[in-house]
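What follows is the residue order along each chain.
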Amino acid sequence: MCGEGVDRGRTGRPRTYCSRSCQARAYRRRRDEGRLSAVRTGTSAAAGEESLVDDAIGLADDQGIHALTLRSLAHRRGQALVTLQRDLGSRDRLVALMVQRVFGGPADASGRADGEALVDVLARLALAEWQAYRAHPWLVEVMTTTRPPLVPAVLAQAEAVIAAFTELGIVREEAFGRYLALSAYIQGMATLVVAEEQETGRTETSYRAWWLDQFRALDRTGATTRHPWLATLGDTRSADAFDADATFRAGLPRIIRGLTASDRSL
């Protein structure tokens, strides 16, 4: 990478670098020009891939991520399965392209506006991720794992959050942990919403109807007397269903305030 000669050794041995700097440059080159470069730019040599990814997102939005296969997508598009297998290679690559499209589209929020406060950056990035999950529930299941698709848009979002924490004086190692904590709040709240939608579909019972039945049963057993907070909760839940967006927005500034506080102030 730097122009110096390197003894490559026998074929098949691990890559050798003359310095960590060259190793980092080599990684960036493989990222930008290698097999993930098509994901980074959102384009591909295969004609019609943009429309194909949009159709895949539409299928997952309508029927869930488990319904998405290369076969089901081929049927939706009226194409031969072998054509999609040739263009995409695998379902995992298709899902990676879908994640890149959602997080790396026109509404990409990973940049920072001039003069924008760092806590506002964190709030904006968190809201953008939350809105992506609300628009595409399948995305929650794809991303709430220890091994999510590390496409460039996801890495850029993570870098933007970590950079905001480090600029606030938090060391990078600790900043990564706080990024994970913020992400856990966003994804945890989104998981609750998806779980409720699935339960409503499975039981054909709304959240409000379920809660009223549970509250009446608890009241008969005297639980509402032993636990006064249940009675207070019953007053609010009897009128309206759980408002996930309002709850998320109310909790977000408190989460950010705690994550950006110094250890001495906790």
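The structure displayed is predicted, hence computed values, not measured ones.

### Describing the nonpolar core
So, point 1. Membership of the largest hydrophobic core comes to 57 residues, with the highest contact counts inside it found for Leu68, Leu94, Met98, Val99 and Phe103.
So, point 2. By residue number, the principal contributor to this core is helix α10 (residues 172–203), which donates nine residues.
So, point 3. Setting aside chain neighbours within four positions, we find Met98 in contact with Val53, Ala56, Ile57, Ala60, Ile65, Leu68 and Trp138.

### Brief notes about the packing of aromatic side chains
So, point 1. In this structure the tally under the stated criterion is four aromatic pairs.
So, point 2. Here Phe103 and Tyr133 contribute two aromatic rings whose centre-to-centre distance is 6.4 Å and whose plane-to-plane angle is 90°, an arrangement assigned as edge-to-face. Residue Phe103 is found in helix α6 (residues 91–103), and its partner Tyr133 is found in helix α7 (residues 118–135); the two are separated by 30 residues along the sequence.
So, point 3. Linked through ring pairs, Trp130, Tyr185 and Phe248 together constitute an aromatic cluster.

### With respect to the pattern of salt bridges
So, point 1. Within the structure shown, the criterion is met by eight salt bridges.
So, point 2. A salt bridge links Arg86 to Asp87, with the shortest nitrogen-to-oxygen separation between them at 3.4 Å.
So, point 3. Using a relative accessible area of 21% as the deciding quantity, one classes Asp87 as partly exposed.
So, point 4. Across the pair Asp213 and Arg216 runs a salt bridge whose closest N-O atoms are separated by 3.2 Å. Taken as a pair, Asp213 and Arg216 lie in helix α11 (residues 207–220) at a separation of three residues, close to a single helical turn.

### A short note on helix α3 (residues 49–63)
So, point 1. End to end, α3 covers 21 Å across 15 residues, agreeing with the expected 21 Å (1.5 Å per residue, within 8%).
So, point 2. Those residues of α3 lying buried are Glu49, Leu52, Val53, Ala56, Ile57, Gly58, Leu59 and Ala60.
So, point 3. Positive backbone phi, at 95°, marks Gly64, one or two positions downstream of α3.

### A short note on the side chain of Thr224
So, point 1. With respect to the helices, strands and loops of the structure, Thr224 is situated in helix α12 (residues 223–226).
So, point 2. Within the local environment of Thr224, its side chain forms a polar contact with the side chain of Asp219, the two groups lying 2.6 Å apart.
So, point 3. Leaving out residues up to four positions away in the same chain, Thr224 has contacts with Phe215, Leu218, Asp219, Leu230 and Ala231.

### What about α6?
So, point 1. The terminal C-alpha atoms of α6, which comprises 13 residues, lie 18 Å apart, in line with the 18 Å expected from a rise of 1.5 Å per residue.
So, point 2. Listing the buried residues of α6 in full gives Leu94, Val95, Ala96, Leu97, Met98, Val99, Gln100 and Phe103.

About the cut-offs
- Residues numbered from 1 in each chain as written.
- Predicted model: local features only at pLDDT ≥ 70, side-chain atom pairs only at ≥ 80, totals over all residues.
- Heavy atoms only, no water.
- Core = buried A, V, L, I, M, F, W, Y, C linked by side-chain atoms within 4.5 Å.
- Buried < 20%, exposed > 50% of the residue type's maximum accessible area, 1.4 Å probe, protein only.
- Helix = DSSP H or I, 4+ residues; strand = E, 2+ residues; numbered from the N terminus.
- Contact = heavy atoms within 4.5 Å.
- Phe/Tyr/Trp six-rings, centres within 6.5 Å; stacked < 30°, edge-to-face > 60°.
- Salt bridge = Lys/Arg side-chain N within 4 Å of Asp/Glu carboxyl O.
- Expected span 1.5 Å × (residues − 1).
- Polar contact = N/O pair within 3.5 Å; in protein donor to acceptor, adjacent residues only side chain to side chain.

No statement about biological role is implied by the geometric values presented.
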